[in-house]
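Chains, contacts and geometry: an overview
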Amino acid sequence: MTKHIVLTGASGFVGQGVARQLLAKGDQVTRVVRRPTPAVEGAATWLLDTDDFHDIESHWPADLECQAVIHLAARVHVMRDRSADPLAAYRETNVAGTLRVARAAHQAGARRFVFVSSIKAVAESSAGREALSELVPPRPLDHYGVSKLEAERALREYGGQSGLEVVIVRPPLVYGPGVRANFLQLMDAIAKGVPLPLGGVEARRSMVFVDNLADAIVHCVMDRRAAGELFHVSDGHDLSVAELVRMLAWQLHAPSRALAVPPVLLRVAGHLTGRSAQIGRLLDELRVDSRRITSVLGWQPPYTVEQGLLETAAWYRATH
């Protein structure tokens, strides 16, 4: 049965992947964007230029009926944040803004609301314990993680009151064609042959290829068994930082210049340079247990991590 899906955060690389997969299945898609962006063939575009979805109900097109909303829009990590109160800024977008979209979706007749949260709502590290499952008590450490966890809890409460079927998805680091931020910087350094002191970092980090995440999100929209659920999603194969660097070097056709610097020296360097948090994210494990979505929905990632990295490297070589 064809569904009409409303998608926020549609201009991001995850949003574009989700839109493509929904359209490929024959569903209707309306992309919600703040400013004109390149069109996705087959998708409608709703230009909604309001801060944090204020007054979205009154802007909702009268003829826009949908069965589900996928909410990807968020305030993510802001370098050199100049907000007077950064936590309040994260809460306004990621908590209050999310609830505004959920209420508008319910008012418009949507039955399901898929919220893409983050593993950072749980923790920054899994060091010294098992991979993080959905049963781990959340202890977020930064403003972004705190706001995502608060949004999850507010949505669950609203869903219980209204009957809106809320599904929460927590991905770890997302990579793929169009990736930005730290992952792109890592590829830049590798492609330029910059020596990296990461050859001795054996900490494993869960990741998810963008098309695997998009596929999981589509399952969460379509499968009745997903209603009310919380899922961690990953590629299911965790690489060490050293393995990731070597694999990217090979796929970027670049020399592997990963130096085996002892992690303890990297931590000292991080302390001396005031970058302990950034170094810690490289050296500490962050492994995600994604078995629940498999047991509940029967979902399996359609792409291996090798395939995902190969596509990401091919995109990088073609565009940089």
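Right, let's walk through the structure included here. Counting from 1, residues in each chain are numbered in the order their sequence is written. In keeping with the predicted nature of the model, local features appear solely for residues at pLDDT of at least 70, side-chain atom pairs appear and are counted solely at 80 or more, and the whole-chain, interface and lining totals rest on all residues. Computation of side-chain values covers all heavy atoms of the structure but excludes hydrogens and water.

1. Some details on the packing of helix α3 (residues 86-107) against helix α4 (residues 143-162)
The following threshold applies: Helix axes are fitted to C-alpha atoms over the stretch in contact, other axes to C-alpha atoms as well, and angles between N-to-C directions run from 0 to 180 degrees. Numbered from the N terminus, helices here are DSSP runs of H or I no shorter than four residues, and strands are runs of E no shorter than two. Each angle gets one of four labels, with under 35 degrees taken as roughly parallel, over 145 as roughly antiparallel, 65 to 115 as roughly perpendicular, and the rest as oblique. Handedness of a helix crossing follows the sense of rotation of the near helix relative to the far helix, less than a right angle counterclockwise being left-handed and clockwise being right-handed. In what follows, a contact means two residues having at least one pair of non-hydrogen atoms within 4.5 Å.
Axis separation between α3 and α4 bottoms out at 9 Å; the angle between their running directions is 25°. In terms of orientation, α3 and α4 fall into the roughly parallel class. The element α3 and its partner α4 pack so that their crossing is right-handed. Here α3 contributes Pro 86, Leu 87, Tyr 90, Arg 91, Asn 94, Val 95, Thr 98, Leu 99, Ala 102, Arg 103 and His 106 to the contact with α4, which in turn contributes His 143, Tyr 144, Val 146, Ser 147, Glu 150, Ala 151, Ala 154, Leu 155, Tyr 158 and Ser 162.

2. As for unusual backbone geometry
Note: most peptide bonds trans; most residues except glycine with negative phi. In the Ramachandran plot, Asp 52 falls in the positive-phi region, its phi being about 55° despite a non-glycine side chain. Here Asp 52 is to be found in the loop between β3 (44-47) and α2 (56-59). One non-glycine residue with positive phi stands out, namely Ala 181, at about 60°. Checked against the element boundaries, Ala 181 lands in helix α5 (residues 181-191).

3. Some remarks on the packing of aromatic side chains
In plain terms, the rule: Note on aromatic pairs: the rings of Phe, Tyr and Trp (six-membered ring only in Trp) are paired at centre separations within 6.5 Å, and the planes decide the class, stacked below 30 degrees, edge-to-face beyond 60, tilted for the rest. Only protein chains enter the area calculation, which uses a 1.4 Å probe; residues under 20% of their type maximum are buried, those over 50% are exposed, and those in between are partly exposed. Two conditions define a charge located above a ring, namely a distance within 6 Å from the ring centre to NZ of Lys or CZ of Arg, and an angle within 35 degrees of the ring normal.
All chains considered together, the criterion is met by 5 aromatic pairs. Ring geometry for Trp 46 and Trp 60: centres 5.2 Å apart, planes at 75°, overall edge-to-face. Of the two residues, Trp 46 sits in strand β3 while Trp 60 sits in the loop between α2 and β4 (68-71), which places them 14 residues apart along the sequence. The pair formed by Trp 46 and Trp 60 is uniform in burial state, with each residue classed as buried. Consider the rings of Tyr 175 and Phe 183, whose centres lie 5.6 Å apart with planes at 20°: the pair is stacked. On the basis of relative accessibility, which here comes to 0%, the residue Tyr 175 falls in the buried class. The aromatic ring of Tyr 90 is capped on one face by Arg 75, whose charged end is 4.6 Å from the ring centroid. Lying across the ring of Tyr 158, Arg 103 places its NZ or CZ 5.9 Å from the centre.

4. Re the pattern of salt bridges
For the record, the criterion: Any carboxyl oxygen of Asp or Glu within 4 Å of a side-chain nitrogen of Lys or Arg constitutes a salt bridge here.
In the structure shown here, the tally under the stated rule is 14 salt bridges. Where Arg 34 meets Asp 49, a salt bridge forms, and the shortest distance between an N and an O atom there is 3.0 Å. Placement of the pair is Arg 34 in the loop between β2 (28-33) and β3 and Asp 49 in the loop between β3 and α2, with a sequence separation of 15 residues. Each member of the salt-bridge network shares a partner with another, and the members are Arg 34, Asp 49 and Asp 51.

5. Describing helix α11 (residues 305-319)
Going by this rule: Helices are assigned an expected span. That span is 1.5 Å times one less than the residue count. This arc is taken over the directions from the axis of the helix to the C-beta atoms.
Helix length check: α11, at 15 residues, gives a terminal C-alpha distance of 21 Å against a target of 21 Å (1.5 Å per residue), a fit within 8%. Of the positions making up α11, those classed as buried are Val 305, Gly 308, Leu 309, Thr 312, Ala 313, Trp 315 and Tyr 316. Along the axis of α11, the buried residues cluster in a sector spanning 160°; they form a single face. Packed against the buried residues of α11 are β7 (173-175), α5, β9 (207-209), β11 (239-240) and α7 (241-251).

6. Focus: the environment of His 237
Inspection of the secondary structure assignment puts His 237 in the loop between β10 (230-232) and β11. In this structure, the C-alpha to C-alpha distance between His 237 and Asp 63, residues 174 residues apart in sequence, is 44 Å. In this structure, His 237 is in contact with Val 305 and Glu 306, ignoring residues within four places of it in sequence.

7. Points about the environment of Tyr 158
Residue position: Tyr 158 is located in helix α4. Residue classification places Tyr 158 among the buried positions, given a relative accessible area of 14%. With sequence-adjacent residues up to four places away left out, Tyr 158 is seen in contact with Leu 99, Ala 102, Arg 103, His 106, Gly 163 and Leu 164.

8. Details of the side chain of His 4
Our working definition: Here a polar contact means two N or O atoms within 3.5 Å. Within protein one must be a hydrogen donor candidate and the other an acceptor candidate, and residues neighboring in sequence count only if both atoms are side-chain atoms.
Mapped onto the secondary structure, His 4 falls in strand β1 (residues 4-8). The class for His 4 is buried, based on a relative accessible area of 13%. Here the side chain of His 4 touches Thr 30 through a polar contact of 2.8 Å, side chain to side chain. At 3.1 Å, the side chain of His 4 and the backbone oxygen of Glu 65 are in polar contact. Excluding residues within four positions of it along the chain, His 4 makes contact with Gln 28, Val 29, Thr 30, Leu 64, Glu 65, Cys 66, Gln 67 and Ala 68.

9. Overview of the sheet that holds β4
To keep it simple, the criterion reads: When DSSP finds two or more bridges between a pair of strands, those strands are recorded as paired.
Spatially, β3-β2-β1-β4-β5-β6-β10 is the arrangement adopted by the 7 strands of the open sheet, whose pairing is parallel. Where the open sheet ends on each side, the last strands, each with one partner, are β3 and β10. Going from strand to strand, the sheet's axes swing by 20° on average, the running direction of each strand aside. Sheet analysis places β4 next to strand β5 (residues 112-116), joined by 4 bridges and oriented parallel. Considered in β5, the bridge of Ile 70 is made with Val 114. Contacting β1, β4 and β5, α3 crosses the sheet at an angle of about 160° to β5.

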